[in-house]
Amino acid sequence: MDGDVSIAVKTSAPMAGEPMQDYRQVLKHGIMPRTSHDDAERFNFLYHLNRHVRGPVMAACRNAYENRVEPAFEKEKGRKPKNRHEARKAMLTEPMFQFYSSLRRASMEQRQQAGRWVALSQAEELRERAAAYADDDALQLNPALTTPRYVTEVDHHCMPGSYYTEYMEDDVVNGANYDVGFFSSFGGAPTMSGPGEGMVAWLKAYRPDFKPKRILDIGSTVGHNLAPMAMAFPDAEVVAVDVGAPVLRYHLARARSMGINNIRCVQADGADLSMFEDESFDIIQSCLLLHEISYPAMRAIFKETYRLAAPGALVYHADVGGYSDEQSLFEKAMRDWDAFYNNEPFMSTLKDIDVFDFFADAGFKEDEFFHASPLGYGPGKAQMGEGRLPPKLAALPGLNLFGSRK
Ligand SMILES: C[S@@+](CC[C@H](N)C(=O)[O-])C[C@H]1O[C@@H](n2cnc3c(N)ncnc32)[C@H](O)[C@@H]1O
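Since the model is a prediction, treat every value here as computed from it, not as a measurement. (Residues numbered from 1 in each chain as written. Predicted model: local features only at pLDDT ≥ 70, side-chain atom pairs only at ≥ 80, totals over all residues. Heavy atoms only, no water.)

Asks: Which residues make up the site of the ligand, and what values do they have?
Replies: Neighbouring the ligand are 20 residues, the closest being Gly-219, Thr-221, Asn-225, Asp-242 and Cys-287. Side-chain polar atom of Asn-225 to an oxygen atom of the ligand: 2.7 Å apart, as the coordinates give it. At a separation of 2.8 Å, a nitrogen atom of the ligand approaches a polar backbone atom of Gly-270. When the ligand sits alone it has 600 Å² of accessible area, and the protein chains cover 98% of it. Considering only residue class, the shell around the ligand consists of eleven nonpolar, six polar and three charged. (Near = heavy atom within 4 Å. Polar contact = N/O pair within 3.5 Å; in protein donor to acceptor, adjacent residues only side chain to side chain. Areas by Shrake-Rupley, 256 points an atom, 1.4 Å probe, with all protein chains shown as cover. Nonpolar A, V, L, I, M, F, W, Y, C, P; charged D, E, K, R; others polar.)

Asks: Explain the pairing of strand 3 (residues 214–218) residue by residue, including any values.
Replies: Buried residues dominate strand 3, accounting for five of its five residues. Here strand 3 pairs with strand 4 (residues 237–242) via five bridges, running parallel. Bridge pairing in strand 4 places Arg-214 opposite Glu-237. In this view, the connection linking strand 3 to its parallel neighbour strand 4 by way of helix 8 (residues 227–232) has right-handed handedness. Of the strand pairs in this sheet, strand 3 and strand 6 (residues 281–287) are connected by three bridges, and their pairing is parallel. Its bridge partner lying in strand 6, Ile-215 is registered against Ile-283. (Buried < 20%, exposed > 50% of the residue type's maximum accessible area, 1.4 Å probe, protein only. Helix = DSSP H or I, 4+ residues; strand = E, 2+ residues; numbered from the N terminus. Pairing = 2+ DSSP bridges. Right-handed = clockwise from strand over helix to strand, strands pointing away.)

Asks: Describe in detail helix 1 (residues 37–77), supporting the description with residues and values.
Replies: Most pronounced at Tyr-65, the bend in helix 1 amounts to some 45 degrees. Looking one or two residues beyond helix 1, the residue adopting positive phi is Gly-78, at roughly 75 degrees. (Bend = angle between axes of the 7 residues up to and from the residue.)

Asks: Give a detailed account of the packing of aromatic side chains, specifying residues and quantitative values.
Replies: A full pass over the atoms with the stated rule returns 25 aromatic pairs. Judged by centre distance (4.9 Å) and plane angle (65 degrees), the rings of Phe-302 and Phe-359 are edge-to-face. Linking Phe-302 in helix 10 (residues 295–308) with Phe-359 in helix 14 (residues 355–362), this pair joins segments that are 57 residues apart in sequence. Across the pair, Phe-359 and Phe-302 agree in class, each one buried. Members of the aromatic cluster, connected to one another through ring pairs, are Tyr-295, Phe-302, Tyr-306, Phe-356, Phe-358, Phe-359, Phe-364, Phe-369 and Phe-402. (Phe/Tyr/Trp six-rings, centres within 6.5 Å; stacked < 30°, edge-to-face > 60°.)

Asks: Lay out the pattern of salt bridges in plain terms, naming residues and giving numbers.
Replies: Tallied over the entire structure, the rule returns 29 salt bridges. Here Lys-80 makes a salt bridge to Glu-74, at a shortest N to O gap of 3.4 Å. Several salt bridges share partner residues, and in doing so they unite Asp-354, Asp-357, Glu-366 and Arg-388 into one network. (Salt bridge = Lys/Arg side-chain N within 4 Å of Asp/Glu carboxyl O.)

Asks: Hey, could you go over the domain arrangement of the protein chain for me, with residue numbers and the actual values?
Replies: One can read the domain layout of the protein chain as domain 1 (29–132 + 173–185) and domain 2 (194–405). A separation of 24 Å is found between the C-alpha centroids of domain 1 and domain 2. Contacts between domain 1 and domain 2 engage 31 residues on the former and 28 residues on the latter. Together, the buried faces of domain 1 and domain 2 total about 2500 Å²; carbon and sulfur atoms form 65% of this surface. Asp-338 serves as the salt-bridge partner of Arg-104, at 3.4 Å between the closest nitrogen and oxygen. At the boundary of domain 1 and domain 2, one finds ten residue pairs in polar contact (both at pLDDT 80 or more). Those elements that provide at least two residues to the side of domain 1 that touches domain 2 are helix 1, helix 2 (84–91), helix 3 (95–121) and helix 6 (173–185). A breakdown of the residues in the side of domain 1 that touches domain 2 according to their chemical character gives 17 nonpolar, seven polar and seven charged. (Domains from an automatic or database assignment. Contact = heavy atoms within 4.5 Å. Buried area = accessible area lost by both parts, 1.4 Å probe.)

Asks: Summarise the packing of helix 6 against helix 9 (residues 245–257); cite the residues concerned and give the values.
Replies: Packing of helix 6 against helix 9 brings their axes to within 6 Å, and their N-to-C directions diverge by 60 degrees. Between helix 6 and helix 9, the angle falls in the class oblique. Contacts between helix 6 and helix 9 involve Asn-174, Gly-175, Ala-176 and Asp-179 from the former and Pro-246, Val-247, Tyr-250 and Arg-254 from the latter. The residue inventory of the contact of helix 6 with helix 9, partitioned by class, reads four nonpolar, two polar and two charged. (Axes fitted to C-alpha atoms, helices over the stretch in contact; angles between N-to-C directions. Parallel < 35°, antiparallel > 145°, perpendicular 65-115°, else oblique.)

Asks: Requested: an account of the side chain of Arg-249, with residues and values cited.
Replies: Relative to the elements of secondary structure, Arg-249 occurs in helix 9. At 2.7 Å, the side chain of Arg-249 and the backbone oxygen of Asp-171 are in polar contact. The contact partners of Arg-249, leaving out residues within four places of it in the chain, are Ala-130, Leu-139, Leu-141, Glu-166, Asp-170, Asp-171 and Val-172.

Asks: Can you tell me about the side chain of Asn-400, naming the residues and giving the values?
Replies: Its place among the elements puts Asn-400 in strand 10 (residues 399–405). Ignoring sequence-local partners within four residues, the contact set of Asn-400 consists of His-317, Ala-318, Asp-319, Val-320, Gly-321, Ala-372, Ser-373, Leu-375, Leu-389, Leu-393 and Ala-394.

Asks: So what about the state of the cysteines? Which residues, and what values?
Replies: Every disulfide links exactly two cysteines, by a covalent bond between their sulfur atoms. Here the structure, examined in full by the defined rule, presents zero disulfides. Free of any disulfide, Cys-61 has its nearest neighbouring cysteine sulfur in Cys-158, separated by 18 Å. Using a relative accessible area of 2% as the deciding quantity, one classes Cys-61 as buried. Summary of cysteine pairing: Cys-287 is not part of a disulfide, and the nearest cysteine sulfur, belonging to Cys-265, is at 16 Å. (Disulfide = S-S within 2.5 Å.)

Here it is in structure tokens:
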């Protein structure tokens, strides 16, 4: 199928001009930490601050770039900035960029501290609630697993201890923090499942009769975007893989408390899934994983997915698109912000490559490639097609889907 399709992509996060949201609308489930009035208002304040920074303050930055930064660069060098790195560096001494950057960084750090306060103060209770859901072999942890260095080196998006650090036995704190505070940094969305819902809508439109028996999701975290898939295919066996134990404990409890009973959570590195047999999955997917992993990890993960995909399987990854000439240098430089100031180094490097080259290196065939864009959040209706992601679609803000049949 090619071209525009009117699939029901749900844009969970309100876009500019849409009504403001309230923290009390966030999806509650059996393992969500309790929040007081003051906690909710703190998350509301941070959401409003973020919205202001990404709206009017960002617009003022663009104005400053076009009217001060670029002309000053041109005056000094006799040419315009060559690439996004030069454009970003030129902005470093611009007061409006400094204002934007410090507000965004501070709001991110405050969001993490607000979430950690809530999660840490209920750590024991949350651990017991999670344990009550993990009463069978649906939670398979591997304490001997080595967490990859590209994960341990970075406190992703200013999240202390990232996804894997444990503070006590059977801990779920870092999973709880991730879940309880996404509202503030994810645009005031009531769930963080918009991308997953978009992926289900895409799949139903792309392959209406496809009935996968086994689904593998790599880098599942707490399951925000796997839950819609597990609910859409209740008869499928769904395997969630992640390197982090706290997020997996939280994941299983969250899913079960929402009535989702077909998910198994396995602690493993996506680069070595030797516990699963060759050609044993009909769908292999990831959502927002690629922008947090290194090139060697990506290569190894793509190779594993090729081995694990059954003939005719669909393998796809939803993540940010690349850069293209359709975007201005200012836009590209600002989209790099997370890489330099929000502990997301691979957010930038992912945009320097064509994800489809990694499919090809792993053995997937060029004429089996497909794409979709934008998915789950971002403006416009979903578009999908055969082949690699065209630059015009890669330029759209929002999430793209990079895929191949096997
Ligand atoms: C941004 S989160 C993904 C969000 C999640 N998929 C969702 O839709 O809500 C990235 C996750 O990938 C995990 N991860 C990173 N490298 C991994 C690897 N090599 N194998 C498995 N999981 C990995 C991290 O622990 C983290 O939980």
